[in-house]
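Secondary and tertiary structure notes
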Amino acid sequence: QSALTQPASVSGSPGQSITISCTGTSSDIGRYNYVSWYQLHPGKAPKLIIYNVNNRPSGVSDRFSGSKSGNTASLTISGLQAEDEADYSCISFTRSSTWVFGGGTKLTVL
Amino acid sequence: EVQLVETGGGLIQPGGSLRLSCAASGFTVSSYFMTWVRQAPGKGLEWVSVLYGGGSTSYADSVKGRFIISRDDSKNTLYLQLNNLRVEDTAVYFCARGGPGNWDYYFDYWGQGTLVTVSS
């Protein structure tokens, strides 16, 4: 199972919006609405920020939103804040009943 | 409060074995599917294995036949037995809890990870 494709890095200024894409295939993202997104800070536990394409867990800011079109899922962060600087990773459930991750995207807040 | 604490990592020679533990608190491990995910140095996350509440398991192709996932319900602890280790298995290993519903194929709580270094 090949990894999902994410841009290596994105950047934006405080207050701006950014979108991170996550491209898979018809065997994963295109087949199921089981895409989730995680925020990673070095040395800390990964944090779930979006599940089932566009749902936010309790306690996650509504500045985070998710969507999907075809084989590509997207994470949008609006009103960028310095604390949003982190790595972001997508994951999808697959036809093989396994999971596949994206390579991760480093977000820099300028 | 849900907590997951991984232990058992360390430096091991190629071909060696190691057992990782993930002690859970705040919930019952057998009531959820539980998973192991790893992150090699400078790389993205990689899914490794899952153990469903009913006991069925699945593995990534990269570890199939070498790693074994299990749990001890009396200790509320998840395990990952790593056998025939390779240099490319070097990574931080995270355990994570699966979503609460039958169709919740995501991981809602994670531990902080334990580092496994395979080197001669």
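Everything discussed here concerns the structure shown above.
Each chain has its residues counted from 1, running along the sequence as written. Just so you know, chain letters begin at A and ligand numbers begin at 1, following the order they were written in. Under the rules for a predicted model, residues below a pLDDT of 70 receive no local features and side-chain atom pairs below 80 are neither given nor counted, while totals for whole chains, interfaces and linings still include all residues. Calculated side-chain values reflect all of the structure's heavy atoms, with hydrogen atoms and water omitted.

Helical segments are the DSSP runs of H or I of at least four residues, strand segments are the runs of E of at least two, and each set is numbered from the N terminus. The helix and strand tally for chain B stands at 0 helices and 11 strands. Starting at the N terminus and walking to the C terminus, you meet the elements of chain B as β-β-β-β-β-β-β-β-β-β-β. Along the longest, intermediate and shortest principal axes, the C-alpha atoms of chain B span 40 × 25 × 25 Å. Burial status follows relative accessibility: with a 1.4 Å probe on protein chains alone, a residue under 20% of its type maximum counts as buried, one over 50% as exposed, and anything between as partly exposed. When burial is assessed residue by residue, chain B has 49% of its 120 residues classed as buried. It only takes one pair of heavy atoms within 4.5 Å for two residues to be counted as in contact. In chain B, the share of contacts with a sequence separation of at least 24, taken over all contacts with a separation of at least 6, comes to 53%.

Our next topic: the side chain of Thr-114 of chain B. Residues and elements named next belong to chain B. For Thr-114, the location among the structural elements is in strand S11 (residues 114-118). A distance of 3.0 Å separates a polar side-chain atom of Thr-114 from the backbone nitrogen of Gly-9. When sequence neighbours within four positions are dropped, the list of residues in contact with Thr-114 reads Glu-6, Thr-7, Gly-8, Gly-9, Leu-20, Ala-91, Val-92 and Tyr-93. Polar contact criterion, stated in full: a pair of N or O atoms within 3.5 Å, where within protein one must be able to donate a hydrogen and the other to accept it, and residues adjacent in sequence count only if both atoms are side-chain atoms.

Bringing the pattern of salt bridges into the picture now. Pairing between side chains of opposite charge can happen when their charged atoms approach one another. We count a salt bridge whenever a side-chain nitrogen from Lys or Arg sits within 4 Å of a carboxyl oxygen from Asp or Glu. Per the counting criterion, the structure on display carries 7 salt bridges over all chains. Note that Asp-84 of chain A and Arg-63 of chain A form a salt bridge whose closest N and O atoms lie 2.7 Å from each other. Of the two residues, Asp-84 of chain A sits in the loop between strand S6 (72-77) and strand S7 (86-93) while Arg-63 of chain A sits in the loop between strand S4 (47-50) and strand S5 (64-69), which places them 21 residues apart along the sequence. The exposure class of Arg-63 of chain A is buried, given its relative accessible area of 13%. For the salt bridge of Asp-89 of chain B with Arg-66 of chain B, the shortest nitrogen-to-oxygen distance reads 2.7 Å. Taken together, the residues span a long stretch of sequence, with Asp-89 of chain B in the loop between strand S8 (77-82) and strand S9 (91-98) and Arg-66 of chain B in the loop between strand S6 (57-59) and strand S7 (67-72) at a distance of 23 residues. Each member of the pair, Asp-89 of chain B as well as Arg-66 of chain B, carries the same accessibility label: buried. One network of salt bridges, in which partners are shared, links Arg-38, Glu-46, Arg-66 and Asp-89 of chain B.

A few words on the packing of aromatic side chains. Each Phe, Tyr or Trp ring, with Trp reduced to its six-membered ring, pairs with another whose centre is within 6.5 Å; inter-plane angles below 30 degrees give stacked pairs, above 60 give edge-to-face pairs, and intermediate values give tilted ones. Under the defined criterion, the tally for this structure stands at 21 aromatic pairs over all chains. A centroid spacing of 5.5 Å and a plane angle of 25° characterise the contact between Tyr-32 of chain A and Tyr-34 of chain A, whose relative ring orientation is stacked. Arranged with centres 5.0 Å apart and planes meeting at 65°, the rings of Phe-93 of chain A and Trp-99 of chain A form a pair that is edge-to-face. For the pair shown, Phe-93 of chain A and Trp-99 of chain A are each scored as buried. Ring pairs connect the aromatic residues Tyr-32, Tyr-34, Tyr-38, Phe-93 and Trp-99 of chain A together with Phe-33, Trp-47, Tyr-52, Phe-94, Tyr-105, Phe-107 and Trp-110 of chain B, which therefore count as one cluster. Here, a charge over a ring is recorded when the distance from Lys NZ or Arg CZ to the ring centre is within 6 Å and its angle to the ring normal is within 35 degrees. The ring centre of Tyr-79 of chain B lies 4.0 Å from the NZ or CZ of Arg-19 of chain B, which sits over that ring.

Another aspect to go through is unusual backbone geometry. Not every positive phi belongs to a glycine, and Asn-52 of chain A is a case in point at roughly 45°. Classification of Asn-52 of chain A by relative accessible area gives buried; the value is 16%.

Residue and element names in this part refer to chain B. Topologically, Gly-55 is positioned in the loop between strand S5 (45-51) and S6. The exposure class assigned to Gly-55 is partly exposed, which follows from its relative accessible area of 40%. Taking C-alpha positions, Gly-55 is 35 Å from Ser-120, a pair spaced 65 residues apart along the chain.

In this section: the environment of Thr-35 of chain B. All names here are of chain B. Inspection of the secondary structure assignment puts Thr-35 in strand S4 (residues 34-39). Take Thr-35: its relative accessible area is 0%, and that puts it in the buried class. In this structure, the C-alpha to C-alpha distance between Thr-35 and Ser-120, residues 85 residues apart in sequence, is 28 Å. Sequence-distant contacts of Thr-35, defined by excluding residues within four places in its chain, comprise Trp-47, Ser-49, Val-50, Leu-78, Phe-94, Cys-95, Ala-96 and Phe-107. Polar side-chain contacts of Thr-35 include one of 2.8 Å to the side chain of Trp-47. Side-chain polar atoms of Thr-35 contact the backbone oxygen of Ser-49, separated by 2.5 Å.

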